[in-house]
Each structure stands twice: as structure tokens, then as C-alpha cells.
There are 2 protein chains.
Amino acid sequence: MMTQTTEAQFTQIQITDPFWGQYQSLINEVVIPYQWDALNDNLPETEPSHAIENFKIAAGELKGDFYGMVFQDSDVAKWLESVAYSLSNHPDPKLEGLADQVIELIGKAQGADGYINTYFTVQEPDGRWRNLCECHELYCAGHLIEAGVAYYCATQKSRLLEIVRQFADYIDRVFGTQPGQLQGYPGHPEIELALMRLYEVTDESRYMKLAQFFIEQRGQTPHYYDEEYQRRGETSYWHTHGPAWMIHDKAYSQAHLPLDQQRQAVGHAVRFVYLLTGVAHLASRCGDQRKIALCKTLWDNMVNKQMYVTGGIGSQSEGEAFSCDYDLPNDTAYTETCASIGLIMLARRMLELETNSHYGDVMERALYNTVLAGMALDGKHFFYVNPLEVYPEAIGHNHIYDHVKAVRQRWFGCACCPPNIARLIGSLGNYMYTVKPDQILVNLYIASHATLMTHAGIFQFRMEGHYPRENQMLLHIEQAPESAMTLGLRIPDWCPDAQIDVNGKPLQVNARQHQGYALITRNWQCGDKICLRMVMTPRIIRGNPKLRHSAGQIAVQRGPIVYCIEQSDNGIHLHNIRLSAAAVFTEVAGTGLLADKVLLKTRAVRLQLPSSAADPQWLYRYDADAPQWVEQPLTLIPYFTWANRGEGEMRVWINEQLSL
Amino acid sequence: MMTQTTEAQFTQIQITDPFWGQYQSLINEVVIPYQWDALNDNLPETEPSHAIENFKIAAGELKGDFYGMVFQDSDVAKWLESVAYSLSNHPDPKLEGLADQVIELIGKAQGADGYINTYFTVQEPDGRWRNLCECHELYCAGHLIEAGVAYYCATQKSRLLEIVRQFADYIDRVFGTQPGQLQGYPGHPEIELALMRLYEVTDESRYMKLAQFFIEQRGQTPHYYDEEYQRRGETSYWHTHGPAWMIHDKAYSQAHLPLDQQRQAVGHAVRFVYLLTGVAHLASRCGDQRKIALCKTLWDNMVNKQMYVTGGIGSQSEGEAFSCDYDLPNDTAYTETCASIGLIMLARRMLELETNSHYGDVMERALYNTVLAGMALDGKHFFYVNPLEVYPEAIGHNHIYDHVKAVRQRWFGCACCPPNIARLIGSLGNYMYTVKPDQILVNLYIASHATLMTHAGIFQFRMEGHYPRENQMLLHIEQAPESAMTLGLRIPDWCPDAQIDVNGKPLQVNARQHQGYALITRNWQCGDKICLRMVMTPRIIRGNPKLRHSAGQIAVQRGPIVYCIEQSDNGIHLHNIRLSAAAVFTEVAGTGLLADKVLLKTRAVRLQLPSSAADPQWLYRYDADAPQWVEQPLTLIPYFTWANRGEGEMRVWINEQLSL
């Protein structure tokens, strides 16, 4: 029965939230049509995509050559997955008709054996499965499978699901440990998590076993990537960092070691979190204790030693990769939008493994900060890279900033992030609640109407509130099973004090004792009402003393939102501003582009220029006098709204004023 | 008459200085023999050089292929130049015999037309002068010419001078504006300054005019590099950053604009200062006011907006290049040793253009800090890159540090820096004094005996002192012309108060009114004695408020020496240490490897770890409490001595403690 799978949870939740409703409208009205134009090369000012054209050529509808990235197909798949969520939130027959046409096109481009990949079909028909390390076939397959799962759940139409099942069945015949089968695994993980989702909606255990095969083959010696490299005569698809670098740098692809020997987050950040998402999902379904422990170990290393305060991961551009523990430069950070999306996907699966608000805290941090920063408020401009500190003048001069943009771009040649944002925001319903046999965890506070299937029966409720602008959420129970049920409300890590009333009666909250969730067990009745009030005053954040890049600095967070300062509010040379941890903040409603956002105003100080000349000409000077400071009003804006008002300096970590 | 040229000044000065005497001995006893072994591939643990072998092959003495960098010849030239200075400081018939053999070998490798270049002679005989942009022929020629000039001045032997004159004469026939001549100029400037030196010792104005030609051709359109690229069929020698990047990135080679249209230091830092050294030399000899103004403009931009406090220049690895004004990251700095050597060469020529202690101050800063840091105290290990902040753990994990080493290396494949250090230290006599028609400027305080030729006659004196350990220098006049002469003593920028006695009588010093030199005009007599005492207490340095990378930090300097803190003295996590600008420093004699160096001891504070656990496991925490500090004794060592005691953290800029 379809409604039993967590994959369809988004169909059971209607988001009514002012904050996210606005974003979902933006996705429906701007992003999806804009991306459709991009996929069809109807945006003259951006790089051509050719993605739909590639499918038409592969389907025999047009003549021509493949154009674009070897993984260009995945853009179409991600668009379809976004459309699925959008149709669920906001039915649109015209859009659904368009999607159905694309699905038919994909069907026409599918080989008789089930294979789908326009690059290999059109460009290199003999090259199929010969370069798993570099060529993203299984990655694209994964995205198609995800789209098939989502479209089926959203529309109940099974055409795309059937297409991707045929493809998955074919992959299952090609790969495996039997004689004649390939013992390889994808360079870019993705199909693992997709196969687990396919397993959820089909209940076909072959898909889970295939995911397990890909996961367990990874990193075995002799290395499959070396073997296939030899077999194909040492040819290489990518030459970015010299020939065959991707084959040799095995950590980049999470192939340096078998997973159960890994202890640290290394390599390409997106690949890492995508892979672990599949592993955690598999582990939760198999109850595989070694894999569960492995997921926890790697998660802990990543979020406790290698994550930015914005929920960004991957601190370096080269290899879009993790660095080492506590190496988190703010200005050269890579912190790809997609990596934080993958982090949220992983957090969801970790919550299925373990009830611990820590996962929800990280999910919320990544979502409200890095992921939202990835898209402009207009829905048409995107960041791939999300630094925590920007000095626009140095970009374009110092090549350590080659990957950094000071303002969002319209579309990318490698367009992974924009459609990924769209599908995440469209599918928030999958992340808000974790339904366990005996409990429902509330992970995200998003006003909505939910009808969740539990073992005991239907649990239906409304959540109301204007989070994170306001600090109170109301839950109205509309239907509940007859037996007792536990409802777990996440008490966010940023919340020093939460009050819960049930039907007007205060409840003692000691979230720490329940892994950060306030667990309320009752025989719930229709008409029961829970009120959650979270103290949401701005808080000062400090980094671990080992974090040299935030030493002597503080960050500010209100609710889940990390703040930053921008040049347009506070003038140039933000490094000369100092903020006291004792500062008093006033919450102010934003205006214009920042309407509906909560800005913070406070008083800070700025270095007084050392002479009457406003522009000292010396570079260094001997000066043992204590620096002098002048007061300066300071405006902080949500980090995710930065760079919406033109180019300027920005920083999240602000130098701390220890005394005036 | 040879003694009239400034090129021979080093022969008239015997360094008796304890500090530099030690270095000159190291150069004579360790570096030159070590480099000889390197050039002859007798160092099994280092990359082969093949440089002498290349000459033997080009001379027909051996069969074989060229091996090494296309500019490998320059290592031999720089070694010969170092030997010239060494022989002048420290006669050594065996070494001189060896050098004479090398000179004969070079002569044998010279073509009948005068051409010398082992790469083209051996490897690509038809390629001569076809790739000026990339292939360093004129650069190697420049170094050979410099060696010829130096060897002639040092030994009075003219064999190498004759060889390089033949080569220069040949180049003068090949290049020029006449029909049939090439109108090109070198990708790597060097020959310009070398031709000016050759002009000085030969008085042959053709060499000066050829230098002028190369300087003025530069950056003209259509671009010579594009034209020759077309002519040779768009082939490229280097592919480091993609094909033909060096041809396209014209700023890299200082060819983006004609020099008189340039206003900012851009591109490859070594090329920039080498070129300007030739330009300034030419301008001083021609009295070309436009070129003089140009040199000042570019100098000002470089040292007032793009120089590190250590006298390093070139803040980025890619292109070994300048970035933009005020972009001086400490950890990813490139700050090549050779660039600071070039800066010193340029400062010398600027002093010939203009009496201003500012040039001497920069010369001293680069010399005592970055250049000395380029070589280990053992004379056998070298830094190419000289960062101001190092966290060894991140090197090897974060690729923004790919160019950074935490300890010095033995020898490089591209071995430009080690022989460059050797020739600079050997020729300090050329930098100590600037002899002008009516004055002698004392730029560097190095105990020595000097016999300088002035217009009025011989001026001979002894300088005594133990600078920079001690703060007093004595000048004993031994011989002076009959007419009045001005002696200018540089009052260093770091010196807040200097006292000068002449024959025991205090002299009023108001250096600022004489462009930073205390000018003393007298009819000097044998037996006159000048005593200069400079207040040399440690001083606190602050950066310009536009320098974000030193915001909130201070550096410490005593005399000309910039200090740093190292992990081996002060523990790990140097970013958690804070130093007050009011700190009191105790000068302490170093021991062991740091014997004879002045260390500074003081009290600083270190961040108190926020809980009893020494190793907090959280990455961020909400914490508005003011940080707590514990006292920590702090040891500062001269920056140039860092990384001599193993691998560890280091930083020059120390976070400032504003209040305890």
C-alpha cells in the first residue's frame, strides 16, 4: 500500500506556512518554468543546456549531437522530480501534461534493454558501462529513478516508475557478483539512495540488494576504477586536473577504502553525503548494526569537525571537497548548495535510525542557511558556492577565489544546484516528520496540515505559526488512533527555554533527557491542542577553540537563522567592525526585497581611522597605542538573504569587541 | 676605469660583520659547494639538475639529451655570479679554477655567432628566438651577462665578459627596429637589468640602447607574443594552466600594456621587479623623467599597497603574482624568495634615482626577513614560498596550500631561489652604499671596510658594530677627499630616536627633513669618528585599516627584524594566543640553532578552554560570556629563523589583546 511508504509522505502534507509557502510558490511560478526554459535553451542570456534536445536526439525525433555535461540528463530528471512535488502541492494540469510529454520522451529514448542515457546512446554507443568512475551513468540513472518514485507518489501515474524499473532491472542484470556481471560501482554515488527509494515504493527487495551491492563493492581492491581504466586502454573523460586524476584520486569518489574502514569525511562532499544517505537508509531497513555505527561515526566527524555554522560542508574548491578536521576557511569555502541538500537528505535518514534532535538541528541549520542562500529571493539566480565571508574586490584578482561569486548567477553549465533546491523545497513534507512505529517526531516547524499513517492508524493534525519570524507553534489534533501515541517535538539546540502547553496545561519539558525531543505520550483526541513556545532571542555563537578561522569572532543566530553583515547596511571594511557578545539586538521588520524577514539592529564599534586623513597612505606603522573605536549602528540580515542587493562585502563571523 | 662603476663596488668592500660574515661563510663553505654538487647531479636525494651536463652536451663533450627546465642554464650562471662575489670576499684558487673551467665550457658551448643556450642548441636548434614569451632565452642570456660582469669585476679576468659581450652583440644584431630584426622582448625580464650592468662595465652604449629597446617594445600592439605564436603555428611550450595560457595572460609577463601606461604592480612578481630594476637603472643613466616618475608610481603601489610586513611580494600562488591592493593573505601568500631579492635590487636602483631612506627601509625589510627566511640556518634547505602564517595540518589537505611547505626543502626542480640568495648575500657590498656625485648614502649597517671612489677622490672608512643584535655603529674615516663631502646615514623607519656623535660631539639629527638620511657634510679627515646609536626596542606594528588579513592583530619588530611565534615555543593553536600592544619584551640570547639570535620573551594570554574538558567535542556553541584568558609566557623568534626546529604552527601577525 502506497501510503505506508515514507516516500509518499509529501503527498500527505499540505504546507500552509507563510515562509515556506512563499518559497513553494516561487518554485512553482518561477523556478520550474525558468528551469524548463533553461532545459529547452530558451534563455538567451545563459549557457545552453541542450538537455531536452539530447533526449529528442536519443529518442530519434531529431538528428544531432549530444551537447553538455556527461550528466546532463540528470537536469531533466531533477526537473521532473521537482514537478512531481509541485503538482502535489499545487495541482497544475498544464504542467502535468508537459511532464507527461517529457516522460514519454524519456520512454522513447529508452533502449529495448531498459538503458537510458542520452550521452552514451547518442555519442558513444559502445562506451556504455566502460567508465563508471568518470561518466555518471549510474548517477543519472539514480536521478531518473528518484523522479520516477516521486512522480508516481505525487500523481499515482506509473509510466515513469515503469520506465525506471525497467532500467533498474537492467542495471541489476548488468551488475553483481555473478559470472559475467560487472563488479563496479558509480563514481558519483546517487543510485544507492535512489534504489532504496525505489525499494520503498515497490517493495522489491532486489533494488535494496543492488544498493547494498554498490555500497559494499566500493573501495574493494583491486580497485574497479583501475581495472576498467586498464580495460578501456587508459582513456580518460575528464582532464581538469591532469589526465585520469579522478581515477587516481580515489578519495574524491569515496573509493579509497571500503566504507566500513572509513572514519573521516573526505573527498567530494556531495558524493559523500549522497552515499551515506543510501547507506543510512539501507542500514535502517536491514537493521545492520555495523552500517548504523559507521553512519554515526562519519556523521559525527562531518558535523562536529568539518561543518560551517551555516550548515555548509566541503571547505575547498579543488575536488569540491572536505579538507581536514577544523579547517574551515570562511572566504575560500566551497560549501556547495547541493552538499547541504545532501546533508539534509542524510539527516532525514539518520533520524530514521535514531531519535536524536541533533540530526534535526543540523537539518534545520543547513536548510535555513546554506540551502536558502543558494537561491536569490527572485528565484532566478543561484549560488553554487556559499562562502561565509566575501571581499568582492579580491575576487577576480586573487585566484584562491576563482570559485567564488559575489552575486548569484542565472544558470550554470553544470546546473546541479538550482534543480536540487527546487526538488528539496518541493519535498519538505518528507523531512518535517519522522514516523516511527511508536512515535511521530516533529523535526521542522512549518505550518501545515498532515495526515500521517502510523502502525496504530491515521494521525491527522494542523500546525500553525509563522516560524521562524515568530516563536510560537500550535498543533491542533484532528484525528488520532485510539491507542496511546508519542508525539516528539524537537527542542532546537538554539532554544534555551521552551514551554509546552497541552490543552492549556503546562508540560514539563526536559528535552535533553529524550535526545532533544520533548516526547508527549497520550491517548490523543480530536480537538487536543499543543502550544510550543520557544525563546527565540538572538544568540551569540562561538566556534570550537580549534577553529582558527573563527578565533576572536562571534556569529549571531536568531531561531534557526544565522545572520551576517553586509556592506550595503554597514559600510565598507567589515573587518574593522567589532561586536560585543553582550550587544542588545532589536528585531526589525525588513523592507523592500527583505520584506517579511527579521533584521537585527544593534550598536557595534568601528576602528577609528588613525589620523584625520580618512585614507592613510602607509601600509604598516609602528603604533603601540590601543586602537580607538567609534560607535556604529549595525544591521544584521539573515545570511540566506545576502547578495540580493548588489555586490558588496559580507561576513558571518564578526570580530568580537571585548571591551569598549 | 673599472673602479668608477657601481658594479664593482662589492670588490671595494670587505665585510667584517659578525651577522653577515657568518652568512657569507655559509655561502662560501656550504651553499656554493652544495650547489656545485647539485648542478653536477651529485646529490642523490634531490631532483637531478643536469645543468652542467647540458653545457657539456651543447659543447660537444658528451652525447645526450637536454634535461631540466628550459631555463636550466641560468642556474649555472647564477652559481658563477655567486662564485665571483665569493672569490672577492674570500679568495679560493681551487674554486676559481673550477669557475674558470665552467667558463671555458660555456665558451665551448657558444655558437660561432655568439649564441648560448643549451636547450635550443641541443634540443631544438631550429627553435631559436621563436618563442620569446615562454622559453626564457633572453632571461638565461641576462643571467650569463650578469655572471660575466660580476666575474670580471671580482677577478679582473675578462674571458666570461668577452663571451657574454659576443652574445650581447649577437642579440643586438637580432633584435631591433631595423628591417630583418625581431621586434620582440623577453617573456621573463632580466636581460634589461643585465645589459645595463654590462653597459656600466664596458661603457658601450649599444647595450643600454638594447635594454631600452626591450623595455619600450614591451606591451606594444599588435602583441609580439601573439604574432610569434601565430608564426610558429600556435604551439606552446608550457601547458600548466591550459594551452598557451602564458601567451594569453599578458599581465603575467608584464606585457599587457606599454610600461608608461602601467600604474599598478600586477602579474608575476619576480618579472615585475626584475623589469623595473632595469628600467630604474636606465632612467637614472638617461635622466628620463617619465621613466623615473613611472618607477616611483609603480614602486609606491607595490610597497604601499601590496607588500607584506616581511618585505615579501606576490600574494598568490597562481602566476606567482600580485593580487590587488590590500589583498595580503598570510597563510596562502606566495611571497617568493626571489621576488624579495628582486625588490632589493630595485631598491638599490631607486636609491640611485632619489635620496630617500624609504628605499633603504624596504631593502632592509626584505633582506633581513623574507630573503633570510628563504634559507635554513644550515645553508642546505630553502623556501621558495614564505608565508606569514602556517598550520601544518591543513597543508596536504586543503589545496589552497599546495604551494606552501611547512619546512624547507633541499633543492628544487626549478632552483631559482637558492642560487639567487647566494649571489645576493655575496654581493651585499653593492647595496650597502649609494655613491652619488656629492654624497655617500649608508643604506645598510654592516660592519665592513670600504674604499669608495667619489668624484672628489677616494673615501675610505671602517664600519664597526654588531647590527642588528646591538644598536650602535661606529664609522672610522681612514681617508677622505680634500673637499667637503656629505655622508648620509639612513635613520631606519623603525628607529624612533637616533643619536649621532661626530668626534664625540652630538649632532642634531632631523632625518625626516633629509628624506630619512642624516646628512653630515664636512671636510672629513682621517681619524674622524662617527657614532650612530639607534633606539632598538621592540616595536608594535599595525597594518593599514584596509588590510583585512591583519585586522585585530599586531606584529612585533626589533630593529629590522620582524618576529614570529612558533608552536615549538608556545604550544599549539597559536590563534588562541593574544598579545597586548603594551607588552614588555625581554631580549634573550638564543641557544642551540638560534645561538646569536635575539629572542623576545613576554607575557601574553591564551584562551581558557571553555570547560574542564581539555578537548571540547562541540564545533559551535551558544555562549555570550566573555572569553576567559590564562596567562602564557610568549617567546618570539626572528621570522627568518622559523621552521628550523621541525614542523609546527607559525604566525607573524598575533591577535591583539585589548584588555585583560
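See the structure above.
Per chain, the residues get numbers from 1 upward, laid out in the order the sequence is written. For this description, chains carry letters from A and ligands carry numbers from 1, given in the order in which they are written. Local features in a predicted model are, by the rule used here, given only for residues with pLDDT of at least 70; side-chain atom pairs are given and counted only at 80 or more, and totals for whole chains, interfaces and linings are based on all residues. Based on all heavy atoms of the structure, the side-chain values leave hydrogens and waters out of the count.

Q: How should the overall build of chain A be read in this particular structure?
A: Counting secondary structure elements, chain A contains 18 helices and 22 strands. Note on method: radius of gyration uses C-alpha positions; expected globular size equals 2.2 Å times residues raised to 0.38. Rg of the C-alpha trace for chain A: 25 Å, near the compact-globule value of 26 Å for 660 residues, within the 12% margin. Across its three principal directions, the C-alpha atoms of chain A cover 75 × 65 × 50 Å. A sequence separation of at least 24 residues applies to 71% of the contacts in chain A between residues at least 6 apart. Here the Shrake-Rupley method, with its probe set to 1.4 Å, supplies the accessible areas, and only the displayed protein chains count as covering residues. Carbon and sulfur atoms make up 48% of the accessible area of chain A, which amounts to about 22200 Å² in all. In this tally, Lys and Arg are treated as positive and Asp and Glu as negative; His is ignored, and so are the chain termini. Working definition for charges: the position is that of NZ of Lys, CZ of Arg, CG of Asp or CD of Glu. Side-chain charges of chain A comprise 55 positive and 74 negative groups, with the mean position of each set lying 4 Å from the other. Counting from the N terminus, the helices are DSSP H or I runs at least four residues long and the strands are E runs at least two residues long. Residues count as neighbours in contact if any of their non-hydrogen atoms are within 4.5 Å of one another.

Q: Would you mind going over the side chain of Gln254(B) with me for this structure?
A: As for its position among the elements, Gln254(B) is in the loop between helix H11 (245-248) and helix H12 (269-286). Burial classes: relative accessible area under 20% of the type maximum marks a residue as buried, over 50% as exposed, and values in between as partly exposed (1.4 Å probe, protein chains only). Judged by relative accessible area, Gln254(B) falls into the buried class, the value being 0%.

Q: When you look at the pattern of salt bridges in this model, what are you seeing that I'm missing?
A: Two side chains carrying opposite charge are able to pair once their charged atoms lie near each other. When a carboxyl oxygen of Asp or Glu lies within 4 Å of a side-chain nitrogen of Lys or Arg, that pair is called a salt bridge. Scanning the entire structure with this criterion turns up 86 salt bridges over all chains. Between Glu587(A) and Arg558(A) there is a salt bridge whose closest N-O contact spans 2.9 Å. Of this pair, Glu587(A) sits in strand S17 (residues 586-589) while Arg558(A) is found in strand S14 (residues 553-558), placing the two residues 29 residues apart along the sequence. The exposure class of Arg558(A) is buried, given its relative accessible area of 4%. As a salt-bridge pair, Glu81(B) and Arg423(B) come within 2.6 Å of each other at their nearest N and O atoms. Here Glu81(B) is found in helix H3 (residues 73-89), whereas its partner Arg423(B) is found in helix H16 (residues 417-426), with 342 residues between them in sequence.

Q: What's the story with the sheet that holds strand S9 (residues 498-502) of chain A in this structure? I'm lost.
A: Strands pair in a sheet through their backbones, by hydrogen bonds, and they do so in one of two ways: parallel or antiparallel. All names here are of chain A. Two strands pair if DSSP finds at least two bridges between them. One open sheet holds the 7 strands; their spatial order is S1-S5-S6-S7-S12-S9-S10, and the pairing between them is antiparallel. The open sheet has two edge strands, strand S1 (13-15) and strand S10 (505-507), and neither has a second partner. Here the average twist between neighbouring strands, direction ignored, is 25°. As judged from the 7 bridges shared by strand S5 (residues 448-454) and strand S6 (residues 457-465), these two strands associate in the antiparallel manner. Pairing of Ser448 across the sheet is with Met463, part of S6. Fitting a line to C-alpha atoms yields each axis, with helices limited to the stretch in contact; the angle taken between N-to-C directions then spans 0 to 180 degrees.

Q: So what exactly am I meant to see when it comes to the nonpolar core here?
A: Here is a general trend for soluble globular proteins: nonpolar side chains tend to be buried in one another's company. By convention a nonpolar core is built from buried Ala, Val, Leu, Ile, Met, Phe, Trp, Tyr and Cys residues, the set being connected through side-chain atoms within 4.5 Å. One finds Trp20(A) and Met302(A) to be the most contacted residues of the largest nonpolar core, which totals 240 residues. Ranked by residue count, the leading element in this core is helix H6 (residues 137-155) of chain A, at 13 residues. For Met302(A), the residues in contact, after removing those within four places along its chain, are Ala265(A), Phe272(A), Val273(A), Met307(A), Ile313(A), Phe322(A), Leu343(A) and Leu346(A). Residues Trp129(B), Leu328(B), Ala394(B) and Ala422(B) belong to the second largest nonpolar core, which totals 239 residues.

Q: How should I be thinking about the interface of chain B and chain A in this particular structure?
A: Every contact between the two is made by 70 residues of chain B and, on the other side, 70 residues of chain A. Note on definitions: buried area is the accessible-area loss of two parts on being combined, 1.4 Å probe, summed for both. Buried area between chain B and chain A, summed over both chains or domains, comes out near 5700 Å², and the portion from carbon and sulfur atoms is 55%. Of all residues in chain B, Leu619(B), Tyr620(B) and Tyr622(B) give up the largest surface area on contact with chain A, accounting jointly for 16% of the area buried on that side. For the interface between chain B and chain A, the tally reads 2 salt bridges. Here Arg542(A) ties to Asp623(B) by a salt bridge, and the two come within 3.8 Å at their closest N and O atoms. Any pair of nitrogen or oxygen atoms within 3.5 Å is treated as a polar contact; in protein, a donor-acceptor pairing is required on top of that, and neighbouring residues in sequence qualify only through side-chain atoms on both sides. Summed over the shared surface of chain B and chain A, the result is 34 residue pairs in polar contact (both at pLDDT 80 or more).

Q: Which parts of the structure should I look at to understand the sheet that holds strand S4 (residues 439-442) of chain B?
A: Residues and elements named next belong to chain B. The strand order across the open sheet formed by 4 strands is S3-S4-S8-S11, and the pairing between neighbours is mixed. The open sheet has two free edges, formed respectively by strand S3 (433-435) and strand S11 (517-522), since each of these has just one partner strand. Taken pair by pair, the neighbouring strands of this sheet meet at an average axis angle of 15°, ignoring direction. Bridging between S4 and strand S8 (residues 485-490) involves 4 bridges; their strand directions are parallel. Paired with Gln439 across the bridge in S8 is Thr486.

Q: It is not clear to me how the packing of aromatic side chains should be interpreted in this structure. Could you clarify?
A: Two measures describe an aromatic ring pair: the distance that separates the ring centres and the angle between the ring planes. All names here are of chain A. In this analysis, rings of Phe, Tyr and Trp, with Trp reduced to its six-membered ring, are considered paired at centre separations within 6.5 Å, and the interplanar angle assigns stacked below 30 degrees, edge-to-face beyond 60, and tilted for intermediate values. Counted according to the given criterion, the structure contains 67 aromatic pairs over all chains. Measuring from centroid to centroid gives 5.7 Å for Phe19 and Tyr368, while their planes differ by 40°, and the two rings are tilted. Separated by 349 residues along the polypeptide, Phe19 in helix H1 (residues 18-39) and Tyr368 in helix H15 (residues 357-373) bring together distant segments of the chain. Judged by its relative accessible area of 9%, Phe19 is buried. Tyr368 sits in the buried class, given a relative accessible area of 0%.

Q: What is the right way to read the relation of the copies chain B and chain A from this model?
A: Relating the two copies of this chain is a rotation about some axis coupled with a shift parallel to it. You can overlay chain B on chain A at an RMSD of 0.0 Å; the transform is a turn of 180° with a shift of 0.0 Å along its axis. A rotation of that kind, with that shift, is consistent with a two-fold axis. Most of the interface of chain B is mirrored in chain A, where 100% of its interface residues are also at the interface. Copy-to-copy superposition: least squares on the C-alpha atoms, limited to residues that have pLDDT of at least 70 in both copies.

Q: How do you make sense of the pairing of strand S7 (residues 472-479) of chain B when you look at a structure like this?
A: Consecutive side chains of a regular strand alternate in pointing toward one face of the sheet and then the other. All names here are of chain B. Direction of pairing for strand S6 (residues 457-465) relative to S7: antiparallel, over a ladder of 6 bridges. If you follow Gly465 over to S7, its bridge partner there is Met473. The loop that links S6 with its antiparallel partner S7 comprises 6 residues. Alignment of S7 against strand S12 (residues 529-534), held across 5 bridges, turns out to be antiparallel. For Gln472, the partnering residue across the bridge sits in S12 and is Arg533.

Q: Looking at this structure, how should I read unusual backbone geometry?
A: Where the residue is not glycine, phi is negative for most of them; where a peptide bond is considered, it is trans in most cases. Residues and elements named next belong to chain B. A cis amide bond links Thr221 with the next residue in sequence, Pro222, at an omega value of -5°. Here Pro222 shows up in the loop between helix H9 (205-217) and helix H10 (224-231). Along the chain, Tyr467 connects to Pro468 via a cis peptide bond; the corresponding omega equals 0°. Within the fold, Pro468 resides in the loop between S6 and S7.

Q: In this structure, what is going on with H12(B)? I would like to understand it.
A: Working note: α-helix, 3.6 residues per turn, so residues spaced by three or four point in the same direction. All names here are of chain B. Residue count minus one, scaled by 1.5 Å, sets the expected span of a helix. The terminal C-alpha atoms of H12 lie 25 Å apart, and with 18 residues this matches the ideal 26 Å at 1.5 Å per residue to within 8%. Across the 18 residues of H12, 16 count as buried, placing the element largely inside the fold. Gly287, located one to two residues past H12, shows a positive phi value of around 65°.

Q: Would you mind going over the environment of Leu372(A) with me for this structure?
A: All names here are of chain A. Within the element layout of this structure, Leu372 appears in helix H15. Distance from Leu372 to Ile425, taken between C-alpha atoms, is 9.2 Å for residues 53 residues apart in sequence. Leu372 has contacts with Phe19, Trp20, Tyr23, Leu367, Ile425 and Phe640, leaving out every residue within four places of it along the chain.

Q: What is the right way to read the packing of H6(A) against helix H7 (residues 159-174) of chain A from this model?
A: To characterise two packed helices, one gives the angle between the axes of the helices and the distance between these axes. Residue and element names in this part refer to chain A. Their axes nearest at 8 Å, the elements H6 and H7 cross at an angle of 145°. Relative to H7, H6 is oriented so that their crossing is left-handed. Between H6 and H7, the contacting residues are Leu138, Ala141, Leu144, Ile145, Ala147, Gly148, Val149, Tyr151 and Tyr152 on the first element and Leu160, Leu161, Val164, Phe167, Ala168 and Ile171 on the second. Looking at side-chain class alone, the contact of H6 with H7 contains 14 nonpolar, 1 polar and no charged residues. By definition, turning the near helix anticlockwise from the far helix through less than a right angle yields a left-handed crossing, and turning it clockwise yields a right-handed one. Gly is placed with the polar residues, together with every amino acid not listed as nonpolar (Ala, Val, Leu, Ile, Met, Phe, Trp, Tyr, Cys and Pro) or charged (Asp, Glu, Lys and Arg).

Q: Explanation requested: helix H8 (residues 191-202) of chain A in the structure shown.
A: Residues and elements named next belong to chain A. Its 12 residues place the ends of H8 16 Å apart at the C-alpha level, agreeing with the 16 Å of an ideal helix rising 1.5 Å per residue. The element H8 is extensively covered by neighbouring structure, given that 12 of its 12 residues are classed as buried. Regarding H8, the residues found buried are Ile191, Glu192, Leu193, Ala194, Leu195, Met196, Arg197, Leu198, Tyr199, Glu200, Val201 and Thr202. Asp203 occupies a position one or two residues after H8 and carries a positive phi of about 65°.

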